[in-house]
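Summary of structural features
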Amino acid sequence: PPVLRLHDIHQVYGAGEASVHALRGIDLDVAQGDYVAIMGPSGSGKSTLMNLLGCLDIASHGVYELAGHDVRSLTERELAKVRNEEIGFVFQSFNLVPRMTALANVELPLIYGGVRRAERRRLALEALALVGLADRADHQPQQLSGGQQQRVAIARALVTSPTLVLADEPTGNLDSASTEEILDILDSLADAGRTIVIITHEENVAERAHRIITISDGLIVRDTSTAGVLQ
Ligand code: ADP
Ligand code: ADP
C-alpha cells in the first residue's frame, strides 16, 4: 500500500464570494521509497498542499492517509504526534535554534518523543554522521555555512526515522555548490529507501527526483517519472 494517499482533496480558504479554491481535487499516491518533486507556478497551491501533507492543516474535503492514519480522524494531540514521528520537515530557512549546538538541534524531535538522553545522543550523532557533519556536532548554527546548517536540518528531519521527509524549497537560500551538496544527500537518502517529497520551483532541483508532479491552479496537470512515462 502507498505510504501516502490523497483522494479528491479540496482546500478552500474563506467563505462565500471571497473564498479561494486553492486545491480542486488532488489524487496522489506516493509509495515507500518514492522521491517526488512538486512544481508549479506561484499561487498554484504548492504551499497549501505542503501544509496538508505535513498535517499542519486539514483539507476542506477529501481523504489523506499517511502511514495508515486517516489524518482527518485524528485529534490535535494525535496530529502533533504524527507530525513529530512520521514526518521529517526541512525548510527553506533551515529553522535551527540559535545558540544551541548542532547536536542539540538534532536531538530536539527525540526530546519531544521522550527518548532518553544516551539514546538521543547516539541517534543524533548517527544522523549528523549521515550528512557528513559528525565533526561539527558542537558548533552552533551561526558558526556554520548555509549549506552546513541545512545539512543539520536534514539530520534533525531524519533522526526519528520518519515515514516521510517533507522538504519545502530546501535549496532556496543556498548557493549552487551548497545546493549540490544537499541534492547529493537527498539522492543518497532516496537510494537508502527513504520516501521524499520536495517542493521546488527550480527545474534543476526537481530533475534530481524520481518523479515530478506539476500542479497548476489547484490541480495536478502532469505526473512524470524519470523514465519519462506519464502516469
Ligand atoms: P503556491 O505555494 O503555489 O504559491 P499557495 O498554496 O500559497 O500557492 O496558494 C494557492 C492559492 O490559495 C492562492 O490563490 C493563494 O492566494 C490562496 N491562499 C493561500 N493561502 C491562503 C489563505 N490562508 N487564505 C486565503 N487564500 C489563501
Ligand atoms: P510561499 O511563497 O511560500 O508559497 P505565500 O507568500 O504564498 O508563501 O504565502 C505565505 C503565507 O500567506 C502562507 O501561510 C499562506 O497560507 C498565506 N497566504 C497566501 N495567500 C494568501 C491570501 N490570499 N490570503 C491570506 N493568506 C494568504
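Described in the following lines is the structure provided in the data block. The structure presented is a predicted model; accordingly, all values stated were derived computationally and were not measured. Numbers given to residues run from 1 along each chain, matching the order in which its sequence is written. To label them, take the chains in the order written and letter them from A, then take the ligands in the order written and number them from 1. Totals for whole chains, interfaces and linings use every residue, but because this is a predicted model, local features are given only for residues with pLDDT of at least 70 and side-chain atom pairs only at 80 or more, for both listing and counting. Calculation of side-chain values draws on the structure's entire complement of heavy atoms; hydrogens and water are dropped beforehand.

This part is about the site of ligand 1. Only a single heavy atom is needed: when it lies within 4 Å of a molecule or strand, its residue is near that molecule or strand. Inspection of the region around ligand 1 gives Tyr13, Val20, Ala22, Pro41, Ser42, Gly43, Ser44, Gly45, Lys46, Ser47 and Thr48 as its neighbouring residues. Residues adjacent in sequence count toward polar contacts only when both atoms are side-chain atoms; beyond that, a polar contact is any pair of N or O atoms within 3.5 Å, and within protein one must be able to donate a hydrogen and the other to accept it. Between ligand 1 and Ser44, the relevant distance is 3.1 Å, taken from an oxygen atom to a main-chain nitrogen or oxygen of the residue. Here Thr48 contributes a side-chain N or O atom positioned 2.6 Å from an oxygen atom of ligand 1. All accessible areas in this document rest on Shrake-Rupley with a 1.4 Å probe, and a residue is counted as covered only by the protein chains that are shown. In isolation ligand 1 offers 560 Å² of accessible surface; the protein chains occlude 58% of this area. Elements are defined by DSSP. Helices are runs of H or I of four residues or more, strands are runs of E of two residues or more, and each kind is numbered from the N terminus. At the level of secondary structure, the elements contributing two or more residues to the shell around ligand 1 comprise strand S2 (20–30) and helix H1 (46–53).

Next up on the list: the packing of aromatic side chains. Centres within 6.5 Å make a pair out of two Phe, Tyr or Trp rings, where for Trp the six-membered ring is used; the pair is then stacked when the planes are under 30 degrees apart, edge-to-face when over 60, and tilted otherwise. Inspection of the entire model under this criterion finds one aromatic pair. An angle of 5 degrees between the planes, with centres 5.9 Å apart, marks the rings of Phe89 and Phe91 as stacked. Burial status follows relative accessibility: with a 1.4 Å probe on protein chains alone, a residue under 20% of its type maximum counts as buried, one over 50% as exposed, and anything between as partly exposed. Assessed through its relative accessible area of 17%, Phe89 is described here as buried. Classification of Phe91 as partly exposed rests on a relative accessible area of 30%.

The next thing to look at is the environment of Leu130. Along the chain, Leu130 turns up in helix H4 (residues 117–130). As a C-alpha pair, Leu130 and Leu4 span 126 residues in sequence and 25 Å in three-dimensional space. For Leu130, the residues in contact, after removing those within four places along its chain, are Leu158 and Leu189. Contact definition: two residues touch when any of their heavy atoms are within 4.5 Å.

The topology assignment puts Gln142 in the loop between H4 and helix H5 (146–158). Exposure remark for Gln142: the relative accessible area of 52% places this residue in the exposed category. Note: C-alpha distance between Gln142 and Thr101 (41 residues apart in sequence) is 9.7 Å.

Attention shifts here to the packing of helix H3 (residues 102–112) against H4. Between the N-to-C directions of two axes lies an angle of 0 to 180 degrees, each axis being a line fitted to C-alpha atoms and, for a helix, fitted only over the stretch in contact. As a packed pair, H3 and H4 sit with axes 9 Å apart at the nearest point and diverge in direction by 120 degrees. In terms of axis orientation, H3 runs oblique to H4. Remark: the crossing between H3 and H4 carries right-handed chirality. Seen from H3, the contacting residues are Ala102, Leu103, Val106, Glu107, Leu110 and Ile111; seen from H4, they are Arg120, Arg121, Leu123, Ala124, Leu125, Ala127 and Leu128. Polar here means any residue other than Ala, Val, Leu, Ile, Met, Phe, Trp, Tyr, Cys and Pro, which are nonpolar, and Asp, Glu, Lys and Arg, which are charged; Gly is therefore polar. Partitioning the contact of H3 with H4 into residue classes produces ten nonpolar, no polar and three charged. Angles are sorted into four bins: roughly parallel if under 35 degrees, roughly antiparallel if over 145, roughly perpendicular if 65 to 115, and oblique for all others. What makes a crossing left-handed is the near helix being turned counterclockwise from the far one by less than a right angle; a clockwise turn instead makes it right-handed.

What follows is about the layout of surface pockets. Of the voids in this model, the largest pocket is the one considered here, and its volume is about 320 Å³. The method works on a 1 Å grid over the protein atoms by themselves. A cavity is a set of points holding a 1.4 Å probe that cannot get out, a pocket is an open set with protein on both sides within 12 Å along at least five of seven lines, and residues with an atom within 4 Å of a point line them. What lines the largest pocket is a set of 14 residues, among which Asn84, Ile87, Phe89, Pro109 and Arg156 lie closest to the centre. There is about 200 Å³ of room inside the second largest pocket. Taken together, Leu123, Glu126, Ala127, Leu130, Leu158, Val159, Ser161, Leu189, Ala192 and Arg194 form the lining of the second largest pocket. When residues in the lining of the second largest pocket are grouped by element, the largest group, four residues, is from H4. Looking at the lining of the second largest pocket, its residues break down into seven nonpolar, one polar and two charged. Grid points are joined across faces, edges and corners, and a volume is the space filled by probe spheres set on the points.

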